[in-house]
Amino acid sequence: MLLEVKNLHAGIDGKAILKGLNLQINKGEVHAIMGPNGSGKSTLAKVIAGHPSYEVMEGEIIYEGKNLFDLEPDERAREGVFLAFQYPVEVPGVSNSQFLRLAYNEKMKHLGQEELDPLEFNDYLKEKAKVVEMDSSFFKRSVNEGFSGGEKKRNEILQMAVLEPKLAVLDETDSGLDIDALRIVAAGINKLRDSEKAIILVTHYQRLLNYIEPDFVHVLANGKIVKEGGKELALELEEKGYDWVKAAAK
Amino acid sequence: MTEGLVKETIYGNFFKETLSNIQPEWLKDLREKSFAVFTAKGFPTLKDEDWKYTNLAQLVREQFTIRKNENIDAKKISQLFSETENENRVVFANGIFNAELTNISDLPEGARVLNLGEAVEDETFGVTVREHLGKFVNAETNGFTALNTAFLNEGVFIFIAKNTRVETPIHIAFVADGEAASFPRVLVVAERGSEVTLIESYLRTGEAKYFTNSIIEIVLADDAKLKHTRVQRESHAAFHVTTTAASLNRASVYDSTNITLGARLSRHDINVKFNAEGAEAFVDGLYLVSEEQHADTHSVIDHAVPNCVSHQNYKGIVDEKARAVFNGKVFVRENASGTDAQQSNKNLLLSNDARVDTKPQLEIFNDDVKCAHGATVGQLEEEELFYLLSRGLNEDLARNLLTYGFAEEIINKIEIESIKKQLDEAVLNRLHANLEA
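Small disclaimer: the values here were computed from a predicted structure and weren't measured.

Cut-offs used in this document
- Residues numbered from 1 in each chain as written.
- Chains lettered and ligands numbered in written order.
- Predicted model: local features only at pLDDT ≥ 70, side-chain atom pairs only at ≥ 80, totals over all residues.
- Heavy atoms only, no water.
- Helix = DSSP H or I, 4+ residues; strand = E, 2+ residues; numbered from the N terminus.
- Rg over C-alpha atoms; globule rule 2.2 N^0.38 Å.
- Buried < 20%, exposed > 50% of the residue type's maximum accessible area, 1.4 Å probe, protein only.
- Contact = heavy atoms within 4.5 Å.
- Lys, Arg positive; Asp, Glu negative; His and termini not counted.
- Charge placed at Lys NZ, Arg CZ, Asp CG, Glu CD.
- Areas by Shrake-Rupley, 256 points an atom, 1.4 Å probe, with all protein chains shown as cover.
- Pairing = 2+ DSSP bridges.
- Axes fitted to C-alpha atoms, helices over the stretch in contact; angles between N-to-C directions.
- Left-handed = near helix turned anticlockwise from the far one by under 90°.
- Nonpolar A, V, L, I, M, F, W, Y, C, P; charged D, E, K, R; others polar.

*Asks:* How would you sum up the overall build of chain B? Please name residues and give values.
*Replies:* The secondary structure content of chain B amounts to ten helices and 20 strands. On C-alpha atoms alone, chain B measures out to a radius of gyration of 21 Å, which is about the 22 Å that the 2.2 N^0.38 rule sets for 437 residues. With the C-alpha coordinates aligned to their principal axes, the bounding extent of chain B is approximately 70 × 50 × 50 Å. Taking all 437 residues of chain B together, 60% fall into the buried category. Contacts in chain B between residues at least 24 apart in sequence constitute 82% of all its contacts with a sequence separation of at least 6. Here chain B contributes 46 positive and 67 negative side-chain charges, whose respective centroids are spaced 3 Å apart.

*Asks:* Tell me about the overall build of chain A, residues and numbers included.
*Replies:* The secondary structure content of chain A amounts to nine helices and twelve strands. Relative to the globule expectation of 18 Å for 250 residues, the C-alpha radius of gyration of chain A, 18 Å, shows essentially globular dimensions. Reported as C-alpha extents along the three principal axes, the dimensions of chain A are approximately 55 × 40 × 35 Å. Out of the 250 residues belonging to chain A, those deemed buried represent 57%. Summarising the internal contacts of chain A: among those between residues at least 6 apart in sequence, 68% fall at separations of at least 24. For chain A, the exposed area adds up to about 10,500 Å²; of that, 46% sits on carbon and sulfur atoms.

*Asks:* An account of the sheet that holds strand β9 (residues 167-171) of chain A is requested, with residue identities and associated values reported.
*Replies:* Through backbone hydrogen bonds, the strands of a sheet pair up, either in parallel or in antiparallel fashion. All names here are of chain A. Pairing is mixed across the open sheet formed by six strands, whose spatial order is β6-β9-β10-β3-β11-β12. A single partner strand is all that each edge strand has here, and the edge strands are β6 (81-84) and β12 (224-229). The average undirected angle you get between the axes of adjacent strands in this sheet is 20 degrees. As judged from the four bridges shared by strand β3 (residues 30-34) and strand β11 (residues 216-221), these two strands associate in the parallel manner. Paired with His31 across the two strands is Phe216, which belongs to β11. Most of the contacts of helix α6 (residues 149-163) go to β6, to which it runs at about 165 degrees, and overall it touches β6, β9 and β10 (198-203).

*Asks:* Provide a residue-level description of the pairing of β9(A), including the pertinent values.
*Replies:* Each regular strand displays side chains that alternate between the two surfaces of the sheet. All names here are of chain A. When you tally the buried positions in β9, you get five out of five residues, the bulk of the element. Here β9 shows two buried faces, one formed by Leu167, Val169 and Asp171 and the other by Ala168 and Leu170. Taken together, the four bridges between β6 and β9 define a ladder with parallel strand orientation. Directly across from Phe82, in β9, lies its bridge partner Ala168.

*Asks:* Quick rundown of the packing of helix α2 (residues 25-41) of chain B against helix α7 (residues 143-150) of chain B? Include the residues and the values.
*Replies:* Residue and element names in this part refer to chain B. Relative orientation of the contacting elements α2 and α7 amounts to 145 degrees, with a least axis distance of 8 Å. As α2 packs across α7, the resulting crossing turns out to be left-handed. On α7, the residues that touch Leu30, Arg31, Ser34, Phe35, Val37 and Phe38 of α2 are Gly143, Ala146, Leu147, Thr149 and Ala150. Class assignment for the residues of the contact of α2 with α7 results in seven nonpolar, three polar and one charged.

In structure tokens form, the structure reads like this:
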């Protein structure tokens, strides 16, 4: 098993948002975490990545047999955990290519593999950028600065392509995207999907799942998983709305 | 030892020693007058409004050697410069012109670079020097200006004739090699329609304690353009007090970038005065200080006439126990309608012990103007930091990268590759990564 979340209670500012969440994820699987606003979807994503504002009150997460909470956020990243941000952060004055190469080389160093010099990395980056149909003009620009909403989300998937994580948590990657951008982003994620990687899609809407077919769907309400099933569960939710599961959560 | 005694023993003795053989007479008068001002006023104190954050007690106590020029390590000095950079280079060691290290072979016919001491007596340029020297700084009210003027001898006079375009930058380097006080003076006269790039750098061969007190006066005639890059990399034990004064005539452009990295205590006064319409000034800077460094920048931009533009963008990075001061005055006089004046000072504090005192000041006496100013003092953004950590960058690397990003806008203004590279390294000193991507 790649990731096991056991009885996770976590929240922010002393207030519990996740209240006993359990989840098991194997290599090669795509899991969709769905749920109404405030159900704790993004909290789960941020706790996995190690966001400092979130506190874990109870429970544990085992990643590749290790206690995830023993690792700092950057260590988690180097061990293969990746979070695609719901709101990607702008980093003025740091170019996309500098940033990506530093991140890539940090990971390579950690794995004891060879680092890439700027020229080698540029070739590697060009190849990866095809995944999300990004042209090289994005490389020189400051990270996310002045990017449109769609460009920022594509940039997140580009980072995922470059860093090749074992576990990718995509937090509302579909939010704020028009249909063309959604198609590009979804196609990118599908290209990166493989038997070595697990993906968690955190999403409010079923829409993304028309493009990326999940193996499992988990419905989160009031900090717990209240319903689980296959991809057909998403369609059922689309039809019946969240009131149906909310009622079940009580 | 009291301040008065210091003047007697160090500055006073040296003054008497050098004054005897000074020519011409007007210069001798100017120097004597200035020394009298310095003797009367001394160094500023915390009671002076313009010096209230910068304590000079340590400087006042010091007994520097003056004009020490023996045993200059020319080889060591030459290693401070890029071998590949194409530039006209004028080198001063401990404030004294060094012919061996100077090379100004790539100047067009209309450009002249002279030792100031010779220029005052020059048949052609003596008059020009006299016309402008000391006209843009005030040796009667400012003790440091008075002190510099009292010892005025070594320095550079740059003259760019009408419509002359100097392709290769002129680099004036003041190198400290050992402990000494030096009083360099530069006068730049750029005639109508001329263009030149000036690099002014302060370097050191080691970590000695010394004192640099320099003044750079710049006169731009109509339509003249001057790009001025100033890089202060004094030793972290040194005292550095400089004034830059630029006087801008019709439609001239003064574009300056001021980098402060060195000195135990540094003070840079930069004064820009618009004398005629249509002129434009960019006054940008970056101060990056750590340990117990103290960096003080005071600027005055004087819109004395209508329709001029000034843009000021200063950024500060203050780490450990360092302290920075920024005071930026912009005056828009009564008749200066159509003025566009923008001023920004942003500061990044990297430690809890670091401190910044920033005071942007706009004084506007005309309604028909476009003016804005702002100052911020902040720390690295936690969300930005987490974003970089979540991509696997360790915390030091992430902090350094964000710090670099903060400064990048100013560093990138610098077009001289060797200086830009040095700066990249200075800003990223703890970042052992190659950023050339």
